[in-house]
Amino acid sequence: LNQGREAGNQIMQHPVNGVDVISANLTEELDQVSEDINQRSRDSNQALQELIHDSSTLLIYVGMATVLFIAALMILLYRWIIPPLVELSHTMNELSGGSGDLSTQLQVRNHNEIGSLAKSFNTFIDKIHFLIKQVSDTSTKLSEAGNNMSEQSEETMSGMRSLEQSTEAVASSVNDMANRVEQM
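Remember, it's a predicted structure, so these values are computed and weren't measured experimentally.

Participant: Where do I start with the pattern of salt bridges in this structure?
Facilitator: Where charged atoms from two side chains of opposite charge approach closely, those side chains can pair. What the rule picks out here adds up to 2 salt bridges. Close ionic contact of Glu35 with Arg42 constitutes a salt bridge, the shortest N to O distance being 3.3 Å. Given the relative accessible area of 42%, Arg42 is considered partly exposed. Among the ionic pairs, Lys133 bridges to Asp137, the shortest N-O distance being 3.8 Å. Of this pair, Lys133 and Asp137 both sit in helix α4 (residues 113-183), 4 residues apart, roughly one helical turn. According to the relative accessible area criterion, Asp137 is partly exposed, its value standing at 35%.

Set out below in structure tokens:
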């Protein structure tokens with residue numbers, strides 16, 4: 001038993017192939033691998049943090065660029081679309097109020113939908129203006145014809161009065177002659 005213990009101690013403590021030496025070498029290698037894994041983990045963690053920071057910065061820049069783009073687009077829309085629509089609304093309000101000038105024309109600034117709307121509005125107003133002018137001209141002609149008919153009616157009435165007076169004079173003369181003939 002003592003020999004077994006001593007033999008076991010010799011195997012454990014052998015300077016080259018002993019279990020203590022191998023165990024110490026293995027512990028040292030495992031410590032080295034563990035340190036490498038920890039270092040790589042720290043490096044990966046740092047790279048991930050840098051990537052997150054860079055992504056956040058990029059996202060902020062993209063967000064700011066998007067906001068600026070939308071703001072520029074809103075300004076362009078405001079300058080190109082709103083003024084013609086305001087002018088159209090103002091002109092329509094004037095016309096609907098009854099005091100509008102039918103010779104008013106909208107400016108066709110662009111050849112887009114707003115320009116097409118302004119052009120159609122101008123055509124519509126021109127047609128209404130033409131119809132009102134025709135109605136006015138017809139009304140003037142009818143008024144003149146009415147005045148002429150009134151004058152002719154008065155001339156006819158005057159002629160009829162004159163004829164009536166002449167007829168009464170003839171009737172009176174015939175009555176006078178008939179009375180004289182009877183007296184004779």
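Right, picking up where we left off after that structure.
Participant: What exactly am I supposed to notice about the side chain of Thr91 here?
Facilitator: Secondary-structure assignment places Thr91 in helix α3 (residues 82-96). When near neighbours in sequence (up to four residues on either side) are disregarded, Thr91 contacts Thr104, Leu106 and Phe121.

Participant: Where do I start with a nonpolar patch on the surface in this structure?
Facilitator: Together, Phe69, Ile70, Leu73, Met74 and Leu77 make up an exposed nonpolar region whose accessible area comes to about 500 Å². Secondary-structure assignment places Leu73 in helix α2 (residues 19-80).

Participant: Looking at this structure, I do not really get the nonpolar core. What am I missing?
Facilitator: The tendency in soluble globular proteins is for nonpolar side chains to be buried as a group. Ranked by size, the top nonpolar core spans 6 residues in total: Leu88, Leu102, Leu106, Ala118, Phe121 and Ile125. Examining the composition of this core, we find that 3 residues originate from one element, α4, more than from any other. The contacts of Leu88, once residues within four sequence positions are left out, are Leu106, Leu117 and Phe121.

Participant: I tried to follow the confidence of the model for the protein chain on my own but got confused; where do I start?
Facilitator: Detailed conclusions should not be drawn from predicted coordinates in areas where pLDDT is low. Per-residue confidence for the protein chain gives a mean pLDDT of 85; residues scoring 70 or more make up 91%. The least confident element of the protein chain, judged by mean pLDDT, is helix α1 (residues 2-13) at 69; the most confident is α2 at 92.

The rules behind these values
- Along every chain, residues carry numbers that run from 1 in the direction the sequence is written.
- Reporting of local features is limited, given that this is a predicted model, to residues whose pLDDT is at least 70; pairs of side-chain atoms are given and counted only at 80 or more, and all residues count toward the totals for whole chains, interfaces and linings.
- Only heavy atoms go into the side-chain values, all of them from the structure, while hydrogens and water stay out.
- Criterion for a salt bridge: a side-chain nitrogen of Lys or Arg within 4 Å of a carboxyl oxygen of Asp or Glu.
- Here the term buried applies to any residue with accessible area under 20% of the maximum for its type, exposed to any over 50%, and partly exposed to those in between, with areas from a 1.4 Å probe on protein chains only.
- The way it works is that DSSP assigns letters per residue, a run of H or I at least four long becomes a helix, a run of E at least two long becomes a strand, and they are numbered from the N terminus.
- The contact definition used throughout considers only heavy atoms, calling two residues in contact when any of these lie within 4.5 Å.
- Only residues whose relative accessible area exceeds 30% and that form no salt bridge are eligible for patches; like-charged ones are grouped when within 9 Å, while nonpolar side chains (Val, Leu, Ile, Met, Phe, Trp, Tyr) are grouped when within 5 Å.
- The Shrake-Rupley method, run with a 1.4 Å probe sphere, supplies the accessible areas, and residue values consider only the shown protein chains as cover.
- Only buried Ala, Val, Leu, Ile, Met, Phe, Trp, Tyr and Cys residues count toward a nonpolar core, and they belong to the same one when joined by side-chain atoms within 4.5 Å.
- Per-residue confidence from the predictor is reported as pLDDT, a score between 0 and 100.

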